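Close look at the chain arrangement
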Amino acid sequence: MGITKLVAQRSTCLRRHVGAILVRDKRIITTGYNGAPARIKHCLDVGCLREQMGIPSGERHELCRGLHAEQNAIIQAAIHGVSIQGASLYCTNMPCSICTKMLINSGIVDIYFKEGYSDPLASDMLAEAGIVPKKFG
């Protein structure tokens, strides 16, 4: 989890710094942090769209310039041609419902998180998929 917190320091989000690591067989496969897509200006440079629109945390995830840390970790695996099926996610925060759907379909088997995140739909879907998130530390 220490490495996950270190990865979170790369975040360019003005609201929350999140780091994610995908691990299989005790090896780090990929990392991700939350921030704008490649070649897109970061919120650090142009301000937070969600703040400007008055959107509370945990709502309207699609109205954001950034990708979540979990999404970036999955994308890095795809870019480098590395399967993440059977891997475990370590994340500074509990995944939202959008990331949860991606993690389930990616074949992630375990989720370890440091801090909670209020998203009942994510919790319901993880339970239905048989994945029990574990609070770490």
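Residues numbered from 1 in each chain as written. Predicted model: local features only at pLDDT ≥ 70, side-chain atom pairs only at ≥ 80, totals over all residues. Heavy atoms only, no water.

What follows deals with the packing of aromatic side chains. The full count for this structure, using the stated rule, is 3 aromatic pairs. A ring pair is formed by Y90 and F136, whose centres lie 6.1 Å apart and whose planes are at 80°; its orientation type is edge-to-face. Placement of the pair is Y90 in strand β3 (residues 88–93) and F136 in the segment after β5 (134–135), with a sequence separation of 46 residues. For F136, a relative accessible area of 36% translates into the label partly exposed. Following the ring pairs from residue to residue traces out a cluster consisting of Y90, Y112 and F136. (Phe/Tyr/Trp six-rings, centres within 6.5 Å; stacked < 30°, edge-to-face > 60°. Helix = DSSP H or I, 4+ residues; strand = E, 2+ residues; numbered from the N terminus. Buried < 20%, exposed > 50% of the residue type's maximum accessible area, 1.4 Å probe, protein only.)

Along helix α6 (residues 120–129), the residues that are buried comprise A122, M125 and L126. The buried side chains of α6 occupy one side of the element, clustering within an arc of 100° when seen end-on. Pointing more than 90 degrees away from the buried face of α6 are the exposed residues P120, D124, A127 and E128. Residues of α6 that are buried make contact with α5 (97–106) and β4 (110–115). (Arc of directions from axis to C-beta. Contact = heavy atoms within 4.5 Å.)

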